[in-house]
Amino acid sequence: MSSHCRRRPPLTPQQKGRGWAAAALLPVVPLVLLAMAAPGPAQQPNPPQIPRDGWKDCEYNGKPLACVDEQIPGGLKIRWKDGLSMTYREVSGKGKDPSGSDLLRDRLGGLWRRELYVQGNISLTNDANGNRIFVPLRFPCKPPLKGEVGYCRY
């Protein structure tokens, strides 16, 4: 049972003599002292991720395919593990589409709608042919290779 759901013990004669304010503050004092205790694990900063191989778990049309993304002035560059790469540049004059997404053009002339999610992940959608690219912000944590400590440092 949480502390705010517990019933208060009956007032002693001394507490009754001090009035309602002293009696009301009595159960709060231990909670305040607990809140001032040493910081717990939730308050400590997240350690940096140390990627094993530098590849993120991206997706192309819903199928996983490792990639490396690079933010460049006025755009984005994606290098895929299968050897292909593509540069996407912001479309001047068009700015954002009605939904508020950025419009990017690839070097082949394709127009892509970039969406940035709250978590920092990015998706690119080509409305002309339905292709979709998903690039996560973070590297995934995978089991360590033989002889390594780990992929991410937690």
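Before going into details, it helps to say that this report is about the structure given with it. Bear in mind the structure is a predicted one, so any value in this text is a computation, not a measurement. (Residues numbered from 1 in each chain as written. Predicted model: local features only at pLDDT ≥ 70, side-chain atom pairs only at ≥ 80, totals over all residues. Heavy atoms only, no water.)

So, unusual backbone geometry
Link 1 in the chain: The backbone of Asn-61 sits at a positive phi, close to 55 degrees, despite the residue not being glycine.
Link 2 in the chain: Looking at where Asn-61 falls in the secondary structure, it is placed in the loop between strand S1 (56–60) and strand S2 (63–72).
Link 3 in the chain: Looking at Asn-61, the relative accessible area reads 36%, which means it is partly exposed. (Helix = DSSP H or I, 4+ residues; strand = E, 2+ residues; numbered from the N terminus. Buried < 20%, exposed > 50% of the residue type's maximum accessible area, 1.4 Å probe, protein only.)

Quick look at the pairing of S1
Link 1 in the chain: The pairing of S1 with S2 spans 5 bridges and is classified as antiparallel. Its bridge partner being in S2, Cys-58 is matched across the sheet by Leu-65.
Link 2 in the chain: Connecting the antiparallel pair S1 and S2 is a turn made up of 2 residues, with Asn-61 showing a positive phi of about 55 degrees. (Pairing = 2+ DSSP bridges.)

Regarding the sheet that holds strand S3 (residues 75–80)
Link 1 in the chain: Judged by pairing direction, the barrel is antiparallel, and its 8 strands sit side by side in the order S1-S2-S3-S4-S5-S6-S7-S8 before closing back on the first. Taken over all neighbouring pairs, the strand axes of this sheet differ in orientation by 30 degrees on average, direction set aside.
Link 2 in the chain: Bridge analysis of S2 against S3 gives 6 bridges, and the strand direction is antiparallel. Within S3, the residue paired with Ile-72 across the bridge is Gly-75. (Axes fitted to C-alpha atoms, helices over the stretch in contact; angles between N-to-C directions.)

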